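Descriptive analysis of the structure
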Amino acid sequence: MDFPIFHIDFFGNRMLIAGIAILHVLINHAFAVGAIPLVTAMEWWGWRSGERRWDDLARRYLWVCFIITTTVGALTGVGIWFSTSLVNPYAIGSLIRVFFWAWFTEWVVFVTEVCLILAYFLLWKRWDGEHKLRHIRLGVVLSVTSWLTMAIIVGILGYMMNPGAWLVEHRLIAGFFNPIYFPQLAFRTPMAMVMAGALALFLNLFFTAGDRELRHRATRFVAVWMLVWLPLFCAGAVWYRLVIPRFMAEHFSVALGTMQFQNLYSTILWLTGLAFAAIVLVALWGGLRPTSLPRWAWVLPMVIVIALTAQFERAREFIRKPYVLGGYVYANGIRVSDYPLLMKEGLLANSAFVSEQEVTADNRLQAGKDVFMVACTRCHTLNGINSVPAKLEAMYGQDNPWSPEAVDQYLASMFAARPFMPPFPGTVTERQALAEYLVGLQTRRDVAAGAQTDGVASAQR
Amino acid sequence: MDPTIPKDIPLGLPAPVLLLEILVVVSFLMHILFVALMVGGSLLTVTLELIGRKRPEYDRLAHLVGATITVNKSLAVVLGVAPLLILNTLYTVYFYSANALTGTAWILVIPMVIAAFLLSYAHEYSWDFLAEHKGLHLALGFASAAFFLAIPLIFLANVNLMLYPEVWDQVRGFLSALILPNVLPRYLHFLTACVALTGLFLVWYAGRSGFPAEELGELSRARVRRVFYSVALVATAAQLLFGPFLYITLPAHAVSWGMTLVITCGAALAVLALWLMWKEVQAPDEAIGRGLWPLVGVLTLVVVIMATGRHMIRETAVGPHRDLMAAHTAEYMARVHAAQDYVLIPGGLGGEALPPGEAMFRKVCSSCHAKDQRLVGPPLTEIVAAYPGDPSGIVAWARAPGRKRMDYPAMPPQNLPEQDLRAIAEYILEQAPGT
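Residues numbered from 1 in each chain as written. Chains lettered and ligands numbered in written order. Predicted model: local features only at pLDDT ≥ 70, side-chain atom pairs only at ≥ 80, totals over all residues.

Residue and element names in this part refer to chain B. With 96% of its residues at a pLDDT of 70 or more, chain B has an overall mean of 91. Segment residues 346-350: pLDDT under 50, and 11 contacts once partners within four positions in sequence are set aside and those in other chains are kept. Here the predicted complex scores 0.91 on pTM and 0.92 on ipTM. (pLDDT = per-residue confidence, 0-100. Contact = placed C-beta atoms within 7 Å.)

Each partner contributes to the interface: chain B provides 71 residues, whereas chain A provides 69 residues. Elements with a minimum of two residues in the side of chain B that touches chain A: α2 (56-90), α3 (92-101), α4 (103-125), α10 (292-338) and α11 (356-365) of chain B. The element contributing the most residues to the side of chain B that touches chain A is α2 of chain B, with 12 residues. Along the lines of polarity and charge, the residues of the side of chain B that touches chain A split into 46 nonpolar, 19 polar and 6 charged. (Helix = DSSP H or I, 4+ residues; strand = E, 2+ residues; numbered from the N terminus. Nonpolar A, V, L, I, M, F, W, Y, C, P; charged D, E, K, R; others polar.)

Quick look at the nonpolar core now. Ala30, Ala35 and Leu199 of chain A are the most contacted members of the largest nonpolar core, which has 247 residues in total. With 16 residues, the top contributor of residues to this core is helix α4 (residues 89-122) of chain A. One finds Val364, Val384, Ile424 and Ile428 of chain B within the second-largest nonpolar core, a separate group that totals 17 residues. (Core = buried A, V, L, I, M, F, W, Y, C linked by C-beta atoms within 7 Å. Buried ≥ 20, exposed ≤ 12 C-beta atoms within 10 Å, placed from the backbone.)

On to the domain arrangement of chain A. All names here are of chain A. Taken domain by domain, chain A comprises domain 1 (13-330) and domain 2 (339-454). The centre of domain 1, based on its C-alpha atoms, is set 39 Å off from the matching centre of domain 2. The partner domain 2 presents 9 residues to the 12 residues of domain 1 that form the contact. Here the side of domain 1 that touches domain 2 gets 3 residues from one element, more than from any other, and that element is helix α1 (residues 13-33). Of the residues assigned to the side of domain 1 that touches domain 2, the class counts are 6 nonpolar, 3 polar and 3 charged. (Domains from an automatic or database assignment.)

All names here are of chain A. Taken together, the buried positions of helix α16 (residues 388-396) are Val388, Pro389, Leu392 and Tyr396. Buried residues of α16, seen end-on, are gathered within an arc of 100° and therefore sit on one face of the element. In this structure, the buried side of α16 is in contact with α17 (404-417) and α18 (428-440). Following α16 by one or two positions, Gly397 has its phi on the positive side, about 75°. (Arc of directions from axis to C-beta.)

Right, dumping it as structure tokens:
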């Protein structure tokens, strides 16, 4: 709450995190956690069979993974820190206080992982012949290390949805082993393995172009890999679905379709099921009849995987609303337990970086805008995605002047009508000022500039 | 109580402050060492390649130096996570505020580092492939180096601004934070240190048995090491200028006598290191490099002392503000606690006791449904007409609304208990009798 208000008004603040984080998940699941075991398995297969070609192919997969993970992969991970710090510093600041040692441990494991992947890649050719088995063992250790980084971060992700016993006990262990933890891990581990398979299928198109026979056998290898993990992926998904808090699960229709298309929920679910089935079919086909697999079948699973991952992460983040930390901090960055004070004494009076401390007769519009910036802009914009004026227009139309009383009434009961919205965090007067400000936007366009361009406006007090 | 003082996160620190402070200094030193090797490596690779246009053995040397960037850059990034995490913990409000105020540049660090890394891979691993296209190849190197030169400015502007809460309301974006004292003097000091540290690193690197000195033709191993020693020497000598410049331009609120004493000790040891480097540059071929480890020992001490001084600057700069912030936070939390039994009834029922169906209608439904005209959804008169004498029908629709009117926004499902929905439905049907 008491931070200069960073704000992006076209794409919206959520998109900043979403773009960086989804890219990071795609890379760390498909190119690291899933890919390293697959590469090691193929390297081992090459050693076992004595066929050099498998070793070469595995090394080429690893080359792609090395380039991508050490650049885009690593930096989007840092990017999640940067973007969450900008968009919801109260939430990430709180998470760090709770989970500091979990993240510190994760860091130690990351350093290990980076050293190991540097060694695994750079020493591939040198650790050959009599040292090949040592190199394979290095791959195994790296696989476990990679998986460990996921096993730690999932504890924190699960906490955000359901802190479980932490709300009472306030201890890291209670927060880490929350009700979501094992189901989510059981879901993500096989998911990463399947994603790596989809990636490897795609890479086969390029890396086996000159060797038909290898292409078919490599396709079969990858397909078998995927078929081993796909049932576990299903089981993990079901388990995870079962532990999602019920009131959050009710948001799925809006999560997947947005409010505009929320009644297409069952259609979307069918399409998701079909997409998943398509991956299973390609894997079966590639396993049983790789010679007849058409070109598009090497590309399709990867495209589907990207789409499904983006959809899953969007759903996971959305259904958690109105909270960013379940039961503890609302998505607007305001603590649940601060609400009584704010509703009694005012949001503006208790915010450091606003230009008006209280609503008066002269400053209603500016105060209303200040309230909007503090209470709404973590998720909403004025002129872009999820814009509030656009929502008002959808609700009330443009034919009549919008009524401040109606908007105020809506703001007052919004969290009952839209359960993923936090309650209004201020006094009745502040709410009314906000309503007047929003109504003014029917005819007058305003600009919501963040602190990154316009600085902060601490009032003259 | 000054209301412009922000409030801190009201959760306790996860470890004793002293432990966190030691961790941040140590982990930051590890990070900045590899950052220096990465930045210095990039600058030296390009410089050597430029020299190499006339003298091919320097081109070969440049290629060997460039290979070190691959490893050093990845260690630089991963080692940066710990100091970032601890800064977030120890200086939460300060760091995040500075981030927000320089937000555009701050988030651009991510794509810029990705670009720098991909370009350095392209530069290093296309060396032979682009041997006939030196112009293009050099351009890749320059581009990568340019990013490595620009990115530290963003970090420096941030960690400087975070120590300066008194000027936060004067900052308008990254550029205004960049010209605050004393970002640019720090940048000079940092760049010079990058070159010096990389020079010494390469003295070691070129001395390893695995280093293919035989590929360098006329350039003997000893000559290479002497060249790198000279680079380190010149850079460290330049610090005798940039160091004091940095000290003099420190904003006054960050300076203390204790820190001055500490920095002076560090500077004295740095002069000793300079003398040791001079001896090494003068040493005969067969003895060169023998003095490396004592030199590294002295410099490690210098760096640890300087990092300690830096930490003292941090504490001096934000200490008073942080005390105010702690007091303000405590006072705020006391008020939060006292207000816990305050309950606001949304919509303001004015104290009358309404029948439950009507009360809930007003609370949940009235923001979208008015009596006889469209507000957001259809008016009650239409609803009553659609469900004559049929409260169950209204309940079913409210639980799982379909979409009859495409020019209206979709109604969100209302998941209230059955008896509540029933009471609301009956109230609705009472509102427009006889239709």
